[in-house]
Amino acid sequence: MNRGSHMVRAFDEDLRFLSSKIATMGGHAERMVSDAVRALVNSDAGLAESVIAADAVLDDAERDIDDKAVLIIARRQPMAQDLREIIGAIRISADLERVGDLGKNIAKRASAVADKSQPVRLYRGLEALADLALAQLKEVLDAYASRSVDRLVYVRDRDEQIDVMYTSMFRELLTYMMEDPRNITACTHLLFCAKNIERIGDHATNIAETIFYISTGKQMPLERPKDDEANAVIVDQPE
Amino acid sequence: MNDNAGNRQPSRWTQKLSEARQTLVAVFLVLAVMVVLEPRLLAAAIAGFLLVAGVAALARSSRWPTGKNQGLQGTSADTKELLPARLLADALDDPMVIFDREMDIVFANKAAILAFGELTPGMALPLKFRAPEMVELVARVIRDGRASLQEYHERVPIERWYQVSAAAVDRAGGLFLLAFSDRGELRRIEKMRSDFIANASHELRTPLASISGFIETLGGPARNDPAAQKKFLVIMKAQTDRMARLIDDLLSLSRLEMKPYSRPDKLVDIRDIVSGVVRSLENLATEQGISVEEHYPDGRLEVPGDRDELIQVFENLLSNAYKYAQSGKRVVVSIERRKSDGADAIAVSIQDFGQGIPREHIPRITERFYRVDVETSRVQKGTGLGLSIVKHILTRHRGKLLVESEVGKGSTFTVVLPERGDLT
Ligand SMILES: Nc1ncnc2c1ncn2[C@@H]1O[C@H](COP(=O)(O)OP(=O)(O)O)[C@@H](O)[C@H]1O
Ligand SMILES: [Mg+2]
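Definitions and cut-offs
- Residues numbered from 1 in each chain as written.
- Chains lettered and ligands numbered in written order.
- Predicted model: local features only at pLDDT ≥ 70, side-chain atom pairs only at ≥ 80, totals over all residues.
- Heavy atoms only, no water.
- Helix = DSSP H or I, 4+ residues; strand = E, 2+ residues; numbered from the N terminus.
- Buried < 20%, exposed > 50% of the residue type's maximum accessible area, 1.4 Å probe, protein only.
- Contact = heavy atoms within 4.5 Å.
- Areas by Shrake-Rupley, 256 points an atom, 1.4 Å probe, with all protein chains shown as cover.
- Pairing = 2+ DSSP bridges.
- Axes fitted to C-alpha atoms, helices over the stretch in contact; angles between N-to-C directions.
- Salt bridge = Lys/Arg side-chain N within 4 Å of Asp/Glu carboxyl O.
- Buried area = accessible area lost by both parts, 1.4 Å probe.
- Patch = residues over 30% accessible without salt bridge, like charges linked within 9 Å, V, L, I, M, F, W, Y side chains within 5 Å.
- Parallel < 35°, antiparallel > 145°, perpendicular 65-115°, else oblique.
- Left-handed = near helix turned anticlockwise from the far one by under 90°.
- Nonpolar A, V, L, I, M, F, W, Y, C, P; charged D, E, K, R; others polar.
- Core = buried A, V, L, I, M, F, W, Y, C linked by side-chain atoms within 4.5 Å.
- Phe/Tyr/Trp six-rings, centres within 6.5 Å; stacked < 30°, edge-to-face > 60°.
- Near = heavy atom within 4 Å.
- Polar contact = N/O pair within 3.5 Å; in protein donor to acceptor, adjacent residues only side chain to side chain.

**Student:** Tell me about the overall build of chain A, and name the residues and values.
**Tutor:** Scanning chain A from N- to C-terminus turns up six helices and one strand. Counting from the amino terminus, chain A carries its helices and strands in the arrangement α-α-α-α-α-α-β. The buried share of chain A, taken over its 239 residues, is 55%. Put simply, 83% of the contacts in chain A that link residues at least 6 apart link residues at least 24 apart. Split by element, the accessible area of chain A, about 10200 Å² in all, is 53% carbon and sulfur.

**Student:** Give me the lowdown on the side chain of Glu172 of chain A, citing residues and values where you can.
**Tutor:** Residue placement: Glu172 of chain A occurs in helix H5 (residues 152–179). In this structure, Glu172 of chain A is in contact with Arg121 and Leu122 of chain A together with Arg364 of chain B, ignoring residues within four places of it in sequence.

**Student:** Tell me about the sheet that holds strand E4 (residues 160–170) of chain B, and please be specific about residues and values.
**Tutor:** The pairing of strands in a sheet comes from backbone hydrogen bonds and takes either a parallel or an antiparallel form. Residue and element names in this part refer to chain B. With respect to topology, five strands assemble into an open sheet ordered E2-E1-E5-E4-E3, the strand pairing being antiparallel. Only two strands of the sheet have a single neighbouring strand rather than two, namely strand E2 (105–108) and strand E3 (146–154). Within the sheet, the average angular offset between the axes of one strand and its neighbour, ignoring direction, is 20°. Seen against the sheet, helix H7 (residues 132–144) touches strand E1 (96–100), E3, E4 and strand E5 (175–182) and runs at an angle of roughly 170° to E3.

**Student:** Outline the pairing of strand E12 (residues 410–418) of chain B, listing residues and values.
**Tutor:** Residues and elements named next belong to chain B. Of all nine residues that make up E12, nine are buried, and the element is covered over most of its length. Of the strand pairs in this sheet, strand E10 (residues 343–352) and E12 are connected by seven bridges, and their pairing is antiparallel. Its bridge partner lying in E12, Ala347 is registered against Val416. The turn linking strand E11 (residues 400–406) back onto E12 is made up of three residues, and Gly408 within it adopts a positive phi angle of 90°.

**Student:** With reference to specific residues and values, describe the pattern of salt bridges.
**Tutor:** Residue and element names in this part refer to chain B. Throughout the structure, instances matching the rule amount to 41 salt bridges over all chains. Residues Glu136 and Arg140 are paired through a salt bridge, measuring 3.6 Å at the closest nitrogen-oxygen approach. Of this pair, Glu136 and Arg140 both sit in helix H7, four residues apart, which is roughly one turn of that helix.

**Student:** I'd like to hear about the interface of chain A and chain B, residue by residue, with values.
**Tutor:** Listed per partner, the contact involves 49 residues of chain A and 46 residues of chain B. Interface area, chain A with chain B, both sides summed: about 4600 Å², of which 48% is carbon and sulfur. Linking chain A with chain B are nine salt bridges, by the criterion used here. As a salt-bridge pair, Glu154 of chain B and Lys138 of chain A come within 4.0 Å of each other at their nearest N and O atoms.

**Student:** Residues and numbers for a nonpolar patch on the surface, please.
**Tutor:** The grouping of Phe170, Leu174 and Met178 of chain A at the surface amounts to a nonpolar patch, some 290 Å² of accessible area in total. Within the secondary structure layout, Phe170 of chain A lies in helix H5.

**Student:** Would you mind going over the environment of His189 of chain A in detail, with residue names and values included?
**Tutor:** All names here are of chain A. Examined against the element boundaries, His189 turns out to sit in helix H6 (residues 184–216). With 76 residues separating them in the primary sequence, His189 and Val113 have C-alpha atoms 7.2 Å apart. Beyond its immediate chain neighbours, meaning those up to four positions away, His189 contacts Arg109, Ala112 and Val113.

**Student:** So, the packing of helix H10 (residues 270–280) of chain B against helix H12 (residues 307–324) of chain B: which residues are in play, and what are the values?
**Tutor:** Residue and element names in this part refer to chain B. At their nearest, the axes of H10 and H12 sit 9 Å apart, and the two run at 50° to each other. Taken together, H10 and H12 sit at an angle that is classed as oblique. The handedness of the crossing between H10 and H12 comes out as right-handed. Residues Ile270, Asp272, Ile273, Val274, Val277, Val278 and Ser280 of H10 form the contact with H12, whose participating residues are Arg307, Leu310, Ile311, Phe314, Glu315 and Leu318. By residue class, the composition of the contact of H10 with H12 is nine nonpolar, one polar and three charged.

**Student:** Give a description of the nonpolar core that names residues and reports values.
**Tutor:** Counting 105 residues, the largest nonpolar core has Met134, Tyr152, Leu178 and Phe180 of chain B as the members making the most contacts within it. No other element matches helix H4 (residues 120–146) of chain A, which puts 15 residues into this core. Discounting residues that sit within four places of it in the chain, Tyr152 of chain B has contacts with Phe116, Phe129, Ala131, Glu133, Met134, Arg160, Trp161, Tyr162, Val164 and Phe180 of chain B. Of all hydrophobic cores here, the second largest spans 53 residues; its members include Leu204, Leu301, Tyr370 and Val403 of chain B.

**Student:** Can you explain the packing of aromatic side chains? Please cite residues and give values.
**Tutor:** All names here are of chain B. Scanning the model with the defined rule gives 10 aromatic pairs over all chains in all. With 5.6 Å between their ring centres and 25° between their planes, Phe99 and Phe176 make a pair best called stacked. In this pair, Phe99 sits in strand E1 while Phe176 sits in strand E5, placing the two residues 77 residues apart along the sequence. With respect to burial, Phe99 and Phe176 carry one shared label: buried. Consider the rings of Phe116 and Phe180, whose centres lie 4.9 Å apart with planes at 50°: the pair is tilted.

**Student:** Could you give an account of the site of ligand 1, with specific residues and numbers?
**Tutor:** All names here are of chain B. Around ligand 1, the surrounding shell holds 19 residues, and the nearest of these are Tyr324, Ser377, Thr383, Gly384 and Leu387. Contact distances for ligand 1 include 2.6 Å between an oxygen atom and a backbone N or O atom of Thr383. Expressed as a share of its isolated accessible area of 530 Å², the protein-covered part of ligand 1 is 97%. Element by element, the count of residues in the shell around ligand 1 is highest for H12, at three residues. Taken together, the residues of the shell around ligand 1 break down into nine nonpolar, seven polar and three charged.

Written as structure tokens, this is what we have:
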């Protein structure tokens with residue numbers, strides 16, 4: 001291996017480009033999800049519009065990352081960790097792009113439930129669910145920044161919390177629909193929103209797995225060191 | 001050939017930092033201007049100045065230490081010049097981050113690490129502060145030499161608001177400072193007020209309506225009926241008690257909400273607290289016909305914590321077990337050491353053998369005013385705020401509440417408290 005030092009520097013620059021694009025995408029995706037949920041809860045049509053518009057940023061960034069990644073691979077033929085870094089960026093950007101789509105979809109439903117005749121409780125539940133998903137997203141993107149993998153294995157556990165919470169919301173929404181058929185349309189939208197949020201959590205888990213792979217070259221272990229907390233529901237979601 | 005930031009940092013920094021030394025005067029001027037414009041930043045500005053002075057001193061002796069314990073390895077001569085800067089920066093309550101032209105973090109004070117988690121030198125700033133307006137702020141300060149952001153808001157894991165000022169500390173060498181000042185108090189007061197109106201008015205209306213109903217009856221149909229009067233007064237007393245409890249709990253909750261992440265630092269003895277709470281609730285246990293078993297291990301069982309708040313946590317959990325799981329006749333309180341998220345922790349479990357909580361309710365019982373069965377809670381003098389208070393206190397302690405429950409068999413509430421408070 002004797003690449004000139006300017007080669008190394010140029011390659012560093014390439015990787016920097018990728019990671020800074022990921023950061024941009026991450027920041028936008030986080031913002032879109034939280035704004036979309038806020039638009040939904042507050043029936044804020046203007047905010048919903050801006051979320052829908054922001055999705056283009058993610059689409060563009062994903063394309064930039066793909067193009068750049070292909071170029072880097074072709075030009076520099078990286079190996080091992082460097083290659084993982086690049087493939088990882090492609091995978092993470094695909095997940096973030098999906099997160100953006102899901103956020104956009106939530107925003108689109110904001111106007112459909114704008115009359116807000118549904119009980120406050122439902123919106124509270126949705127917010128709590130979104131906060132769980134956002135916390136996951138933040139955790140994995142922070143891990144991408146720090147490259148520390150120790151906490152990533154717990155992301156998958158917390159994804160189960162999201163599933164439990166989603167199931168609880170699902171039942172509650174069904175109950176409302178059965179109580180009064182007039183609730184059906186709005187509740188169906190809320191149901192899809194909850195489903196979207198649950199899937200955002202899944203994408204966060206994917207990203208966790210990708211980061212683990214980038215840093216270690218291994219798949220994230222399915223079994224984690226037992227914490228005696230396996231069967232319990234961790235009640236620590238922000239309100 | 002990896003993008004190993006750590007390896008190429010030192011020389012670049014050393015160079016930059018020695019440039020920094022030559023521009024200390026300029027730095028001082030910049031900071032002085034900042035202070036004039038924003039008096040709240042005085043402390044940050046002084047620390048920033050001393051920090052640059054300190055690292056410049058280090059650069060002069062060209063002994064830039066690598067690795068984690070930067071700044072603590074110099075000779076005593078360096079140490080004298082260097083330590084006060086870092087110590088000062090670390091003593092600040094306000095988060096402060098210094099970064100370079102490449103947007104890589106050079107230094108973050110303790111408050112910053114406490115507030116935002118890992119911020120290691122060499123980490124790219126925009127990877128950590130990803131919010132579009134923050135990225136923009138950083139780009140702007142590099143371009144213009146100063147910039148500020150009225151509001152930086154983080155929603156998870158704890159909701160926080162900051163005003164952020166950014167300034168070039170040393171434009172030639174390319175060092176920049178981000179100073180955060182907490183705006184959370186204001187926002188939390190606003191939020192609390194609207195929450196209070198939304199929740200409390202609703203909760204207070206029921207007892208209030210009942211009392212006013214009885215007042216009418218006392219003045220009308222029951223005017224000449226002493227027996228009925230006596231009965232109604234008892235009920236009215238119960239209703240005012242309920243309102244008083246509600247207000248007490250709401251006040252506790254709002255006090256906690258005002259300081260959600262100021263972390264307790266005194267060590268407290270968990271065994272002491274838990275057994276104390278069991279003693280203090282002996283009457284309730286007897287009243288409900290419940291026998292209590294206690295299992296505590298030997299040895300040191302200390303965590304960083306606030307004694308009064310932890311007492312409140314265990315009082316709430318234990319009284320819930322006595323009230324809602326009466327049918328089990330037995331409650332087991334135990335303490336054990338365990339690992340939680342990979343760190344040493346102490347777990348306190350309160351296990352009952354009552355009717356349990358249906359699974360779909362579990363994730364939601366810490367929400368304000370959420371009860372599985374409103375009527376039972378009311379009969380048991382509940383407010384629906386107990387577990388919400390518990391959750392807030394545990395958040396502050398970086399702790400967790402785990403709930404396992406099976407309908408018909410009982411529930412176990414476990415409080416997990418990290419043994420070391422400095423872990424995020
Ligand atoms: N040990 C328990 N067993 C069964 N249900 C419980 C238990 N602890 C709490 N709950 C349920 O959780 C709800 C919320 O508890 P909490 O926040 O303490 O409010 P409160 O006790 O004032 O009603 C209770 O109303 C009850 O339905
Ligand atoms: Mg209670």
